[in-house]
Amino acid sequence: MALPKIVSWVTQCLSERNFNEGAKDAYEKLLAEYEVSQDAWSSTAIDFYYQEAQSVSARRAIPSSEDMEELASVASFLSCPEELVTKVHMEVLGDKYSKALNEAMTPSGVITEEYVDGLDRLRQRLCLSEADAKSLVGFTARKRMGPILKDLVDVWKSDTDANYRMEKEKEKRSAEGFRDKARDNINNEENIFGYMELGANK
């Protein structure tokens, strides 16, 4: 029953946006009093943070500086591990960065120079790591180039099928030509067998 009591207290603090040191000290004393392990609390804390991040994401297309400062306050209040906070940002806010990348990319997946600084400012606003940003660039480029690659593959297949059909048609005509010659009179010099019988003796 210890953790539910602490969760109830933290939920109230979040609802009231009460992140002062007194409120934090109160729930940390409860954690110590009920001997709640750091691992147990970290998983609960990041669940709270995830919900807050989702709320921020839903407010507007691009979170404001105030939104992100509020999230930072929540993370500090909850003592969320930084690596877990980074994962939450990637999962919840990464799509916003990906959409911006998609708009900045040329059809071939290249980001022009004029957008580089703006994208980096957005990355910092969303608190995405450089590694996660690079992953999103690769993902977005593949997604953007997918239709182009599909068209190229379709053209290649079409050309390959056409060449294959041409070769088969040529083989068919050659076979039919051979069969026609084979049906010629044995005495006809145009027939190979006729030539062997008659032409060779001329």
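Residues numbered from 1 in each chain as written. Predicted model: local features only at pLDDT ≥ 70, side-chain atom pairs only at ≥ 80, totals over all residues. Heavy atoms only, no water.

Points about the packing of aromatic side chains
Inspection of every chain in the model, using the stated rule, returns 3 aromatic pairs. Taken together, a centroid distance of 5.5 Å and an interplanar angle of 45 degrees make the contact between Phe19 and Phe77 tilted. On the criterion of sequence distance, the pair formed by Phe19 in the loop between α1 (2-15) and α2 (21-33) and Phe77 in helix α4 (residues 65-78) is long-range, its members being 58 residues apart. In this structure Phe19 comes out as partly exposed when scored by relative accessible area, which is 21%. Given a relative accessible area of 2%, Phe77 falls into the buried group. Seen from their ring centres, Tyr27 and Trp41 are 5.2 Å apart, and the 40 degrees between their planes marks the pair as tilted. Linking Tyr27 in helix α2 with Trp41 in helix α3 (residues 38-59), this pair joins segments that are 14 residues apart in sequence. Relative accessible area serves as the criterion here: at 0%, Tyr27 is assigned to the buried category. Owing to a relative accessible area of 2%, Trp41 belongs among the buried residues under this scheme. An aromatic cluster of at least three residues, connected via ring pairs, comprises Phe19, Tyr27, Trp41 and Phe77. (Phe/Tyr/Trp six-rings, centres within 6.5 Å; stacked < 30°, edge-to-face > 60°. Helix = DSSP H or I, 4+ residues; strand = E, 2+ residues; numbered from the N terminus. Buried < 20%, exposed > 50% of the residue type's maximum accessible area, 1.4 Å probe, protein only.)

Note that every value here comes from positions in space, so none of it alone points to a role or purpose.
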